[in-house]
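A structural walkthrough
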Amino acid sequence: MAWKPSIDLRGPLRQRRANANPVSLHHFLPSAVADMDLQGLQHRRILLGVSGGIAAYKACELTRRLREAGAEVRVALTANAARFVTPLTFQALSGQPVRADLWDEAAEMGMGHLELARWAQRIVIAPASADVIAKLAHGFADDLLTTLCLASEAPLAIAPAMNHRMWRHPATQANIATLRTRGVAILGPEDGPLAEGESGPGRLMEPQAIAAVLAQQESTARANGRLGGVRVLIDAGPTYEDIDPVRFLGNRSSGRMGFAMAQAALDAGAQVTLVAGPVHLSTPPGAARIDVRSAREMREAVVAAAVEADIFIATAAVADWRPQQASAHKLKKGQAADTLSLIENPDILAEVAARANRPFVVGFAAETKDLERNAREKLARKKLDVIAANEVGADRGIDTDDNALHLYWNGGQQMLARAPKPQLASALIDRIATLYASRRDGR
Ligand code: CTP
């Protein structure tokens, strides 16, 4: 029962806190709690687990608060929770399908349970019953919620709610101690009147206080993230070089790797600017996106944004050439020349790397042969800090869901095995963060 909130308890609240039982947050003034900064929840993907108990209705309020603070919320109910509040209520409040069963075939066709476990950036169980706490402590995975917890790497917070004798029982206390040693945040319970007319520790922490703690944890995690406060500029996707108003030269890049890099950088705490060529992808929440079409437009946007960037990652498949002249009108069959005259586009990456006050520069290399030789040559010629090289071909690298990368830098290399692009992007961001930190600290 020694959970200590690290939230900033301002003014009179701090005074109250000093006098309060250290485990209890029920002395919080609701208005002061409502004032708390929920900024950290913006764009976060939160999985809310609800287990059975009379306090399950308060999870509705929590869902609303998390969403109001800008979080995306998905709810998983235990079978017992669904007896207290219907999945439909949570569906309406979260705006997302709600799951209550591991064996729901229709739901598995949508976002499968393992995908849901990966989707979550944070899991909170409120209320957490004695039964769920026991299952978590012992690694059970015999229903949807416990399976999700076991299958996810996201940090877990639980807000227990139960009868005070169940809470005080040595079995529950031992389970709580086990979870605490695993880094699970135990929020509450509060001391006060309980449902059965009794009183004692066992009340669910107020939803607004739970939201405030989660927001604080998110803010701290971001600030302490590997790229906390670092400004990352990423270009992504193809460029289109117009021949006339209906025709263009382009390439098969989907932009997925660049967008996955933006998401991974955001997850690591970075401030991200994403310069995107013509792609059909939604913006990773929290990234500032600038849409462009041609290489020249991309160059202009990147060069302007690079002034403010600590790291530049060039994932874009910039067209090397453009037609010497783009026709203002659609070319008619008879008008087309036999040959299309091309001129070279600016090399955006090389230009940023050549600047006096340059950011840490990461390039990509798409190669069909002699991977290492070509990549190292580009690393040196374009004066890059790191190059990520991949083999491209009909079913490799470009416009695919997964990829493998060879990283090269002066004095090192690393192979990132074939993986889905989001996973690969996280591994690459991790390496970039390490190399960037050692460069910045002059190691
Ligand atoms: N790049 C760029 N501007 C260009 C061409 C490429 O910024 N006009 C960047 C890409 O975003 C990538 C890196 O340069 O990070 C290497 O791209 P790649 O097409 O592999 O190499 P090129 O320099 O175009 O050389 P080549 O096509 O001869 O292999």
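Residues numbered from 1 in each chain as written. Predicted model: local features only at pLDDT ≥ 70, side-chain atom pairs only at ≥ 80, totals over all residues.

Here the focus is the site of the ligand. Close to the ligand lie 14 residues; Ala 314, Val 318, Ile 348, Leu 349 and Gly 363 are nearest. Looking at the shell around the ligand, the elements that each hand over two or more residues are helix 15 (348-354) and strand 16 (360-367). With 4 residues, strand 16 is the single largest residue contributor to the shell around the ligand. (Near = placed C-beta within 6 Å. Helix = DSSP H or I, 4+ residues; strand = E, 2+ residues; numbered from the N terminus.)

Judged by pairing direction, the sheet is mixed, and its 8 strands sit side by side in the order 12-11-8-13-16-17-18-19 without closing on themselves. The open sheet has two edge strands with one neighbour each: strand 12 (288-291) and strand 19 (412-420). On average, each strand axis in the sheet is inclined to that of its neighbour by 15°, with strand direction left out of account. Bridge count between strand 8 (residues 231-236) and strand 11 (residues 271-276): 6 bridges; the pairing is parallel. Residue pairing in the sheet places Asp 235 in a bridge with Val 275 of strand 11. (Pairing = 2+ DSSP bridges. Axes fitted to C-alpha atoms, helices over the stretch in contact; angles between N-to-C directions.)

To continue, consider the packing of helix 3 (residues 58-68) against helix 5 (residues 87-94). The geometry of helix 3 relative to helix 5 is characterised by a closest axis approach of 9 Å and an angle of 15° between their N-to-C directions. Taken together, the axes of helix 3 and helix 5 are roughly parallel relative to one another. Regarding helix 3 and helix 5, the two cross each other, and that crossing is right-handed. Contacts between helix 3 and helix 5 pair Cys 60, Thr 63, Arg 64 and Arg 67 from the former with Thr 89, Phe 90, Leu 93 and Ser 94 from the latter. When grouped by side-chain class, the residues that make up the contact of helix 3 with helix 5 number 3 nonpolar, 3 polar and 2 charged. (Parallel < 35°, antiparallel > 145°, perpendicular 65-115°, else oblique. Left-handed = near helix turned anticlockwise from the far one by under 90°. Contact = placed C-beta atoms within 7 Å. Nonpolar A, V, L, I, M, F, W, Y, C, P; charged D, E, K, R; others polar.)

Moving on, we come to the sheet that holds strand 3 (residues 122-128). Across the sheet, 5 strands lie side by side as 2-1-3-4-5; this open sheet has parallel pairing. Of all strands in the sheet, those bounded by a partner on one side alone are strand 2 (72-77) and strand 5 (185-186). When strand 3 meets strand 4 (residues 156-160), the two strands line up parallel, connected through 4 bridges. Bridge pairing in strand 4 links Ile 123 to Leu 156. The strands touched by helix 12 (residues 207-224) within the sheet are strand 3, strand 4 and strand 5, with strand 3 carrying the most contacts at an inclination of about 160°.

Turning our eyes to something else, we now look at the confidence of the model for the protein chain. Per-residue confidence for the protein chain averages 89 on the pLDDT scale, and 90% of its residues sit at or above 70. For the stretch residues 1-32, pLDDT sits under 50, and the model shows 37 contacts to residues farther than four places along the chain or on other chains. (pLDDT = per-residue confidence, 0-100.)

The next subject is unusual backbone geometry. Most peptide bonds take the trans form, and the phi angle of most residues other than glycine is negative. Look at the link from Ala 126 to Pro 127: it is a cis peptide, with omega at -5°. With an omega of 5°, the peptide bond running from Gly 188 to Pro 189 counts as cis. You can see Pro 189 is positioned in the loop between strand 5 and strand 6 (190-193). A positive phi angle is found at His 43, which is not glycine, with a value near 65°. Note that His 43 resides in the loop between helix 2 (30-34) and strand 1 (45-50). Residue classification places His 43 among the partly exposed residues on the basis of 15 C-beta atoms within 10 Å. One non-glycine residue, Asp 370, lies in positive phi territory at about 45°. Among the secondary structure elements, Asp 370 is positioned in the loop between strand 16 and helix 16 (371-381). Residue Asp 370 is classed as exposed on the basis of its C-beta count, with 10 C-beta atoms lying within 10 Å. (Buried ≥ 20, exposed ≤ 12 C-beta atoms within 10 Å, placed from the backbone.)

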